[in-house]
Every structure is written in C-alpha cells, then in structure tokens.
Amino acid sequence: VITRPEMEIGRYHWMYKSSRPHRYHHVPALRGNVSPLGIPGCFECCIKCLGGVPYASLVATILCFSGVALFCGCGHVALTGTVSILEQHFSTTASDHALLSEVIQLMQYVIYGIASFFFLYGIILLAEGFYTTSAVKELHGEFKTTACGRCISGMFVFLTYVLGVAWLGVFGFSAVPVFMFYNIWSTCEVIKSLQTNVTVPGDQICVDIRQYGIIPWNAVPGKACGPILENICNTNEFYMSYHLFIVACAGAGATVIALIHFLMILSSNWAYLKDASKMQAYQDIKAKEEQELQDIQSRSKEQLNSYT
C-alpha cells in the first residue's frame, strides 16, 4: 500500500526533477547546407553572424563619421579660402586681420581634435551597440549584466545628450558663413542684372564686410563695390569657399541627426539592460526557491526511509 507521504514525494519529484530551470536549446532544421551530424553550413553561419549585427548603431556610426568628415574637411579648406579672400580684397593690412587669422588657425586645430574624438567615440558607441543588442544574447547564450555595465550605458546616454546639444550650436554657427557668402553672391547677381537692364549703375551697390564684425572698422578697404565685387564672386576661391561652407553646414546637420539616433539607441539599450537585470534577479530567486524545495524533499525522503 502506497502511503500519502510517498505519493506527495513522487509528485514533487515528477514536477521538479532538477534545481536548475529548464533551458530550451534551438535545434537547427536540416537544410541543404547542414551536415547529417547537425553542424551548420557556411550559409547558416553567415546568417547567424549577420543576425548579431546592430544595424541601427551601424547606420548611426556611418552617418556620424560622414557628417564629421564633411564638417571637418570642408570647414578646414573653406576657412583657409576665407582668409585668402579677406587678405586680397577686404583687408590689405596684415595687422587689421591678425586676430581673425589667429582665431581661424585655432578653429582649424579644434577641427583636428573634433575629428579624432568623434572617430574614437563612434567606435566606442558601435561596440556598445554590439554588446547590448539582443542578437548578441542569442549568439552567446547567457546574458549577464552588472551595475557597472548599466552605469556605463547611462553615462553614454548623458554624454551623447551633451554632445548633441553642443552640435546643435555648431550647426547654427556653421550657418553664419553660409549666410555671409550668400549675401555676397546675391549682391553679385543683382549687379549682373543691373548691367543687363542698364537702369542703375552697379558701382553704387557694395558689400561691407566690416558690418559683420570679423574685421575692425578701420580696415582698408573693408568693402567692395560694383565690378570689383563681381570679380571677387567670379574667383575660384570664393566659389569653392561658398560651396564648402554649405557642405560643412550639411555635415554638421548630419552629425546632429546621428547623435539623436545614437541617443535613441542608447536609451533603448539602457532600458534593455535594466529589464535584463530584473529578469536575472528573478531567475536567481526562483532557482534558490527550487533548491530549498529540493532540500525539503530530500529531508522528507530521509525521514520517510527512517520510519520504514
């Protein structure tokens, strides 16, 4: 006759066979590239590797690198052309634009630092995307997260937010030379139209660079009028600098978009790490409870054997 304690022990053994939670392992389906032993072929390995790529972080990194490269490269060359135009046509005395030349040289050095920093920062964010994406969890099995990892992820979110706000200022600042060159170009177009219509002499239309504050008011000549201004607009330096400033402004805008994209990705990854840590704590508590239940079953079985 089976007693009730023996029935209860049998039921617990049937329900809880192990102290560890059961893990389901994916069994690949047999295809043309899979061997009879279950070893995946080249096609399955490539698909598995491609599934572990964080495409959102990859797109944001490419956009960030492209924007920074356009801003730094085009901005550097455009600043050099701007100094040449000022020295030849608007400020013939070197002492008048000495401060401007020093500021432009300092900005060029800052551009070198920006390019180097964002090259490293983009690689770091791409690596962070690789190690926090859910695809990496599927490739490497168990996913463990620590408080240090969550703090690093939160630090990247804060730093990317600060950089995004800073690049909004850079984007606005890069639009200033575009506005100045556009005013000069539009004035040259007006002079050309007046020469065609022969209504008003073009000598009365001038552009004074001193009003923008980039050179002092005592700079000579400081302004260009009529045919002289038209000749300036026809030079290769003006044409290249104008279009390079436009491309640099577009690169700054692309960098802002990339940083916003990175900010969304990092926020999502931080939330994923937070949820993963809670799930990990839940699994640890569950495993501990099952271990305690197994210990109780063992002691009950020992007591039952001692009675029998």
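Residues numbered from 1 in each chain as written. Predicted model: local features only at pLDDT ≥ 70, side-chain atom pairs only at ≥ 80, totals over all residues. Heavy atoms only, no water.

## Side note on the pattern of salt bridges
Piece 1. Here the structure, examined in full by the defined rule, presents 2 salt bridges.
Piece 2. As a salt-bridge pair, Glu189 and Lys192 come within 3.9 Å of each other at their nearest N and O atoms. With Glu189 and Lys192 both in helix H6 (residues 147–197) and 3 residues apart, the pair spans about one turn of that helix.
Piece 3. Among the residues examined, Glu189 registers a relative accessible area of 33% and is labelled partly exposed.
Piece 4. Overall, the relative accessible area of 29% leaves Lys192 in the partly exposed class.
Piece 5. For Arg210, the salt bridge is made with Asp208, and the minimal N-O distance between the two is 3.0 Å. (Salt bridge = Lys/Arg side-chain N within 4 Å of Asp/Glu carboxyl O. Helix = DSSP H or I, 4+ residues; strand = E, 2+ residues; numbered from the N terminus. Buried < 20%, exposed > 50% of the residue type's maximum accessible area, 1.4 Å probe, protein only.)

## Side note on unusual backbone geometry
Piece 1. Cis rather than trans, the peptide bond between Val220 and Pro221 has omega equal to -5 degrees.
Piece 2. For Pro221, the location among the structural elements is in the loop between strand E1 (206–208) and strand E2 (223–225).

## Remarks on the layout of surface pockets
Piece 1. Here the second largest pocket is characterised by a volume of approximately 660 Å³.
Piece 2. Looking at the lining of the second largest pocket, the elements with two or more residues in it are helix H3 (55–90), helix H4 (98–132), H6 and helix H8 (236–307).
Piece 3. Per-element tally for the lining of the second largest pocket: the top contributor is H6, with 8 residues. (1 Å grid on protein atoms, 1.4 Å probe; cavity = no way out; pocket = protein on both sides within 12 Å on 5 of 7 lines; lining within 4 Å. Points joined across faces, edges and corners; volume = space filled by probe spheres on them.)

## Examining the packing of H3 against H4
Piece 1. At a closest axis distance of 9 Å, the pairing of H3 and H4 adopts a crossing angle of 175 degrees. Regarding the angle of H3 to H4, the classification is roughly antiparallel.
Piece 2. When grouped by side-chain class, the residues that make up the contact of H3 with H4 number 19 nonpolar, 9 polar and 1 charged. (Axes fitted to C-alpha atoms, helices over the stretch in contact; angles between N-to-C directions. Parallel < 35°, antiparallel > 145°, perpendicular 65-115°, else oblique. Nonpolar A, V, L, I, M, F, W, Y, C, P; charged D, E, K, R; others polar.)

## Describing the UniProt feature "transmembrane region" (unreviewed entry) in the chain
Piece 1. Feature annotation in UniProt places "transmembrane region" (unreviewed entry) on residues 58–86, 106–131, 152–176 and 244–266, given in this structure's numbering.
Piece 2. Span residues 58–86 is 100% helix and 0% strand, its end C-alpha atoms 42 Å apart.
Piece 3. With 100% helix and 0% strand, residues 106–131 has its two end C-alpha atoms placed 38 Å apart. (UniProt positions renumbered as here; feature names shortened; annotations may be inferred.)

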